[in-house]
Structures are given as C-alpha cells and as structure tokens.
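The residues making up each chain are set out below.
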Amino acid sequence: MLNISHLTKRYGDKVAVDDLSLHIFPGNIYGFIGHNGAGKTTTLKAAVGIMQFDSGTITIDGLDLKTNPLACKAKLAYIPDNPDLYEFMTGIKYLNFIADVFVVSPADRQARIRELADRLGLTSDLAQPISAYSHGMKQKLAIIAAWIHTPRLILMDEPFVGLDPKASHLLKQMMREHCDRGGAIFFSTHVLEVAEKLCDKVAIIKQGRLIRSGTMEEVKGDDSLEEVFLELEDESC
Amino acid sequence: MLKTLIKKQITETLALTFRKGAARWTVTGGRGKNSGIGTVVVMALAMLYIAGMFTYFSVNLCNSMMAVKMGWMYYLVTSGSAILFGTFGNIFSTGFTLYMAKDNDLLLSMPIKIRDVIISRLFVVFFMGLLYSGIVSVPAIVVGWVIGGFSFPRVICGLMLVILVSLIVLGLSCLLGFVVAKISQKLKNRSFLTVLIALAFLALICFFYFRILNRGQDLMYIMVRVGEDIRGSAYPIYLFGRIGEGDWLAMLAWVAALALLLGLIWLLLKKTFLSISTATPSPKKAIYKEKAGSQRSVSSALLRKEWYRFSSSANYMLNCGMALLLLLGFGGYLLVKGGTLLNIMSALGSSFHGVAPVLLCALNCMLIGMVDISAPSVSLEGRSIWQVQCLPVTPWQVLRAKLLLHLGISAVPMLFFSVVLMVLAPASAVEKVLMLVVTVLYAILFGLFGLFLGLKMPNLNWTNEIVPIKQNAAVLISMFSGMGLAMAFGGLYFLLGKVLGATAWLSISALVFLALDAALFFWLKGPGARRFAAL
C-alpha cells in the first residue's frame, strides 16, 4: 500500500533521511521507532506529501506521490505530532470542512461523526471553538477527522501523546479494526511497550538510516523491543 | 530576572516582525537571507511616509497657531493626534501581548514574580506605543522647534512631551486592552462586537469632525475659540499644551499627575493579571445539536474556511478591511453631498479636459488598493499549514480561495462607490464604463499582489496573530503600493492627459492593469503554487 524506496531528504548539508526504504502492506500496523531527531517526522511528512524530498520514490497503492499527489492524498489521512488545527473553527465546522474536501456524503459524515465522537467522548464539545480545546481534545478531533473519510492508509506521528488512557485504548482498537478491514497504518512512537503489543511490523531508524525492520518477531526475537532498541542504539554509537 | 524577560520579549518581537526563521525552509532548501534587512527597509520607508504626512500637517498648523500666539494649542492638537494614533494602533496588540501571549502559562509556572512578567510585557507595549505615537509627536516637536525657535526649556520639555504622550498611550492601551480582554472572556461573537465598538469610536470622531466643519466657519477661528474655552474651563489640558512651549511647571505638574494615574493602572493590572491571563476564554458552553449538513464543493469549503478565518478575528477585519468601510462611507456621503463634488469636478474639467473621470477613478482605486485582506492570508495559515498541504487539494485551489475572499468581500463596497462616482462624474458613457473596468482590474491586481507578497514573505511561526496582520512587510507593501500606484495613475494624467485624453488614458491604464493581473495570475498558478506547497 505504501512503498517508500530509497528516500533521501537533506536540510542544507544535514542528511535527515538517508536512502530509506520501507514497504507497508494492507492489514499492517507498522511502527516507526527512533530517537529524537532520527528522521521519523521527516519521513512521515514526505509520505503524506507535505515535505519535498531530494531523491527516491514514494507510492501509495501504486500511484506515485510526486506525479499524482491528489489521488494519493485522497487515499490517506495524517495526524501530526502536535495537532495545530484551525482554532477559528468549532469542532463540527472543522469536521464538515474535512468531509467536504474528501467528498463525504452528508448521510455518511453524520453517521461517522456520531459514531466516532461518541466513542471518543467528544460529542458534547463539537460546538465549541477549537481554541477552547485541550491538547487531548484536539488529538481526538484530529483522529475523528482522519477516520471520517475512511482512508486506506493512516499515518500518525506520536498519536498517543496527550490522550487519556481510555482514548489511548480506543485508538488502539480503532487502529486494529482499520487494518482488519484491509487498511494500513504507519505511525511513529516512543512508547515501545505499545509498539511491541500493537504492531505487526516495526522499523528502527537512527540518524536518518534504517537500522532494522521486519515483523515484530524478526526484529526483537526473544528479547523485549526495548532491549533490542537500546542495544541497536549502543551498537551504532 | 526582569532583564532576562525583557530580553526575551525584545528577541521575540524582533524575530517575529523581521521574519527570523519565518518560513520553515525556503523552496531552495535553505533559510531566506537578507529578508530581515528588506523588512526593516520597508518598515522604515512606511514610517517615513507617515511621518512625512504628519510633518506637512504640522508645518501648516504650527505656522497658523504661532501667528495667533497659541503655540500651546498647536502642541495640544498634535499631541492629541499622537495619543489617538498611538492608542488606536496599540489597543488590540496590548490585549494579546499582556493577557493572551501563548507563553503566559509557561512563565507563570516558573519561579518568576508576576510583577516581572507584567513589566516585561508592558515594556513591549510601551515601545510599540512610542513607535506609533512618535510618528506623529516627533515631527510635531521638531517642527515646533524650527518654527517657534530653539531654547533649552523648549528642547527639554519637547522631549519630555514625546515621552509623556507615549506614557499616556501606554496607560490608555492598558485600560482599553483590559476592557478588550474582559469582553473576550464574556462574549460569544466578540470579534464582530470588537469591530462594532471600534467603528462606533471612529464614527464618533467623524461625527464631531463633520459637525465642526458644517458650522461653516473658518477652521482657525474655531480652533482659537476652542482654545479659549480650554484655557478657561479645562486648565490642566491647557497646561499639557504649555509643556511644548517649555513651561517647566506645567511639565512637572503633568509628570506628577501621570505618575499617579499610571500607578493606579499598575495596581489594577497587578490585581487582575493572573485571573484574566489564566481564564478559559469560554463564556458559555455551546450545545451541539446534530443536524444533517449539506455537501459543499471543495472550492466552496476552502472559501468558507477563509471566511471563518477572516470573521473570527477583529484584528484581521479592522486592519485589512477598513478601506471597505471608507468606500461605503464616502459613497454614502457623496450620495447626500454629491453636488459639491460635482461642482469641483466641473470646475476642474473646464480647466483640464477629462480630469474628472480619471481623478475619481484614481480615488476609487486608491481606496480599493488599501484593502489588503489577501496579503497576510498565507502567513495566517501559521503552524496549521500542514492541514491544507496534506489534503487532496492543489495549492492553487487554496490560493484561489484566499483571492476569492479578498475580491468577494471587496465587491459590494467597490461597486457601490463606483456606481456613485459614475453617476456623479461629468464624463461620457464610454469614460464611465472605463472607470468601472479600471477599478475592477485594479481590485483584482491588489488581491493578486497581496498573495504574491504573502508568498514571497511568509511568516508561519507567529504566536500572536497581530504579527502577520500588522507587523508584516507584505501588508505594508501591499497597502502603500495600492495607494502609490493609484496616485501615479491619477497624477500622470496631468502630464500625459492633454495629449491622450481621458478615454485613451483610462484604456491604456486598463490594459496595463490587465497585463499585470495576467502576469501575477500565471505566477501564482505556477511558481507561486509550488512555493506554497514547499512552505
């Protein structure tokens, strides 16, 4: 579904992502792990088409992101690490805006907003301006906006930050349900326990280079993901 | 600690105003160079331009008032103008700087005295007030020295007057900023209400101004009469004017009075700062009622998003849409008092053929060129720009929505004023149609030009929306270019009009504006859209 091939991104002289290749299949929850500044966010932003890259290719369902950006973007949803949403809108206006852009019919959007907002406990706050939302509420709204158009691929940057335990649990459920329906999820996280329990596959990145990837078993073997991650970090130093 | 906080405030203000690290990365991959220098130059030119206008006003007023031995009245009028200019320019930023700064929570959670936080914020408010009021008061004082003569008391007291004016601006800004912050806490549609209050304030000034003019008396005679009244019944105000003339006692009296007033304002701020700056700005929780919405097209959704952005901000509406109110106001005034204009234009037309339609069209263009809604719209995306960049919409669709908002909001006031001018102008039918064509092309030009500037000088890292709306080179350049080009269009007619005539001049201008429209349109669709995608 998402194929990243030999991706390289430089900021001036600094190489942020160096010849990175990943392949995410339908049904996969794919975790992306690395220390701060390793290149996770840059990779995610490149994969959703909001950051230009120097070389390599990114395809979504076989469509090249550079040559077919709109068709690719129509298939995906993105939740950034800090959900800077439109604070001048109310929650419901924001969701309607997203639904309009993704051409979701009124009946479908109404049903999905009802279902998702009820699940995440945000229904009573939908008429409030987003500027009055807490970080967690913004995160929940971003999740509803991401799910509202039933995308094939969802990319998330540290999605569990700011969520309460119940919402975290719900998000994990929603991620699994999405992949069971044939969708795919690619997300970055620092919470290794979550990654270990939730992900089908995982990739570890350091200083822009992929240092290990594969199924959870292939990556960690009999150790914990935390042990493997720390070991790999030390080896590369 | 206070020194560190003031340093932080200055660094933040300068960095945001002069675009240090404004866009995340430029299209070419590196941070933009020399952009700060460019902004400084633009800001300096804009300030010189405004200061020049006030110098011209001051010279005329000073000569007249000194001739009737009422120099104090000159200083009173110019200082009053400086206080008005400074307070109006500072009022909204004060509320944001003091109470709504995004780092309030961070600073208040640290072991820092609240007093230090307030003083460091007030330092910026004072500096901005000094900047705004100084544009008026400094030229006025210098003109006063040149015309009235230099002396030690006049120089010292003159300088003190500049400082006292900026301190009054500080006090008024704090009081009004406090009121704005209180309104923001309690009301639902506060942006519209704030606009209404500001407009009511302006309408009041205009009302008194026109009342004085309508008395049909000589302005100088009125000023002398008012001056005598002030001296007789409002002695402290008379003393304020006396400061400029080098009256030590007047200066000391005002320093003492102002110290007392600022002390009281300080107590008010200190007492209320914590409760206002940490309050949740949600007066009454709106209740969500599920209802079936309608399906909108992508273009319509993007346009609505731009409208929500515009209508949610009193700063945006007042600073970038004020000229639209001038169009409506002047249009309405001309409907009532059109006869006077008709007489002036007929007299002008008899001495210089065709000058009436060109000058009226230039006036319309100048006002429409001052509308700068599109100029800050790119920067206003701020940190949420990722949103439109990852949606399945083209950059051009986003830019087009910004342009359509600019033109859509401008359309009715522009057409209203155009129709009034077309009815009043002593011109042929062809000239009248050309007046409208030129105005429409000019409005499109400055909608496009604003976007062009916004893309060339983006500032996405602001923490206070005042920065992209007011302290932004793109907005200043757009506004002054809009005025300047219209003046050139009208002024050049006096050079070339005798040869060409009004019809030819309006046609040539229309063609020039059309060519500029086309050039900017294609730039925005191509390189401009790519630049937006890469922001």
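Residues numbered from 1 in each chain as written. Chains lettered and ligands numbered in written order. Predicted model: local features only at pLDDT ≥ 70, side-chain atom pairs only at ≥ 80, totals over all residues. Heavy atoms only, no water.

1. Observations regarding the interface of chain B and chain A
Then comes step 1: Counting residues at the interface gives 38 residues for chain B, matched by 40 residues for chain A.
Then comes step 2: Here chain B meets chain A over a buried area of about 3,500 Å², counting both sides, of which 62% is carbon and sulfur.
Then comes step 3: Between the two partners, chain B and chain A, sit one salt bridge.
Then comes step 4: For the salt bridge of Arg296 of chain B with Asp100 of chain A, the shortest nitrogen-to-oxygen distance reads 3.6 Å.
Then comes step 5: Linking chain B with chain A are five residue pairs in polar contact (both at pLDDT 80 or more).
Then comes step 6: Every element with two or more residues in the side of chain B that touches chain A is listed here: helix H11 (298-311), helix H14 (385-390) and helix H20 (502-534) of chain B.
Then comes step 7: The element that contributes the greatest number of residues to the side of chain B that touches chain A is H11 of chain B, accounting for six residues.
Then comes step 8: In terms of residue class, the side of chain B that touches chain A is built from 17 nonpolar, 10 polar and 11 charged. (Contact = heavy atoms within 4.5 Å. Buried area = accessible area lost by both parts, 1.4 Å probe. Salt bridge = Lys/Arg side-chain N within 4 Å of Asp/Glu carboxyl O. Polar contact = N/O pair within 3.5 Å; in protein donor to acceptor, adjacent residues only side chain to side chain. Helix = DSSP H or I, 4+ residues; strand = E, 2+ residues; numbered from the N terminus. Nonpolar A, V, L, I, M, F, W, Y, C, P; charged D, E, K, R; others polar.)

2. Details of the pattern of salt bridges
Then comes step 1: In total, this model carries 19 salt bridges over all chains according to the counting rule given.
Then comes step 2: The salt bridge partner of Arg152 of chain A is Asp61 of chain A, with a shortest N-O separation of 3.1 Å. You can see Arg152 of chain A sitting in the loop between helix H5 (135-147) and strand E7 (153-157) and its partner Asp61 of chain A sitting in the loop between strand E4 (55-60) and strand E5 (63-64), a full 91 residues away along the chain.
Then comes step 3: When its relative accessible area of 30% is taken as the criterion, Asp61 of chain A is described as partly exposed.
Then comes step 4: Between Glu381 of chain B and Lys402 of chain B there is a salt bridge, with the nearest N and O atoms lying 2.7 Å from each other. (Buried < 20%, exposed > 50% of the residue type's maximum accessible area, 1.4 Å probe, protein only.)

3. Section: the packing of helix H16 (residues 429-456) of chain B against H20 of chain B
Residues and elements named next belong to chain B.
Then comes step 1: H20 packs onto H16 with a crossing angle of 25 degrees between their chain directions and a minimal axis gap of 8 Å. Here H20 runs roughly parallel to H16, going by the angle between their axes. Seen along the crossing, H16 lies across H20 with a hand that is left-handed.
Then comes step 2: Here the residues of the contact of H16 with H20 are counted per class, giving 25 nonpolar, three polar and four charged. (Axes fitted to C-alpha atoms, helices over the stretch in contact; angles between N-to-C directions. Parallel < 35°, antiparallel > 145°, perpendicular 65-115°, else oblique. Left-handed = near helix turned anticlockwise from the far one by under 90°.)

4. Considerations on a nonpolar patch on the surface
All names here are of chain B.
Then comes step 1: A cluster of nonpolar side chains, contributed by Leu492, Leu495, Leu496, Val499, Leu500, Ile508, Val512 and Leu516, occupies part of the molecular surface with about 700 Å² of accessible area.
Then comes step 2: Sorting the residues of the nonpolar patch by element identifies helix H19 (493-500) and H20 as the ones contributing at least two each.
Then comes step 3: Within the secondary structure layout, Leu495 lies in helix H19. (Patch = residues over 30% accessible without salt bridge, like charges linked within 9 Å, V, L, I, M, F, W, Y side chains within 5 Å. Areas by Shrake-Rupley, 256 points an atom, 1.4 Å probe, with all protein chains shown as cover.)

5. Digging into the domain arrangement of chain A
Residues and elements named next belong to chain A.
Then comes step 1: By the assigned domains, chain A splits into domain 1 (2-75 + 152-236) and domain 2 (85-150).
Then comes step 2: Counting residues at the interface gives 21 residues for domain 1 and 12 residues for domain 2.
Then comes step 3: Here domain 1 packs against domain 2, burying approximately 1,200 Å² in sum over the two surfaces, 65% of which is carbon and sulfur.
Then comes step 4: The tally of links between domain 1 and domain 2 comes to two salt bridges. (Domains from an automatic or database assignment.)

6. Quick word on the sheet that holds strand E2 (residues 14-24) of chain A
Residue and element names in this part refer to chain A.
Then comes step 1: In spatial order, the strands read E2-E1-E4-E5; together these four strands make up an open sheet with antiparallel pairing. Strands at the two margins of the open sheet, each flanked by one partner only, are E2 and E5.
Then comes step 2: One ladder, built from five bridges, connects strand E1 (residues 2-11) with E4; its direction is antiparallel. Of the residues in E4, the one forming a bridge with Asn3 is Thr59. (Pairing = 2+ DSSP bridges.)

7. A look at the domain arrangement of chain B
Residues and elements named next belong to chain B.
Then comes step 1: What the domain assignment reports for chain B is domain 1 (2-13 + 36-277) and domain 2 (298-534).
Then comes step 2: The partner domain 2 presents 24 residues to the 25 residues of domain 1 that form the contact.
Then comes step 3: The contact between domain 1 and domain 2 buries some 2,000 Å² in all, and 75% of this surface belongs to carbon and sulfur atoms.
Then comes step 4: Linking domain 1 with domain 2 are zero salt bridges.
Then comes step 5: Taken together, the links from domain 1 to domain 2 amount to zero residue pairs in polar contact (both at pLDDT 80 or more).
Then comes step 6: For the side of domain 1 that touches domain 2, the elements supplying multiple residues, two or more each, are helix H2 (35-67), helix H3 (71-98), helix H5 (114-148) and helix H7 (190-214).
Then comes step 7: With eight residues, the single largest contributor to the side of domain 1 that touches domain 2 is H7.
Then comes step 8: Split into classes, the residues belonging to the side of domain 1 that touches domain 2 amount to 16 nonpolar, seven polar and two charged.

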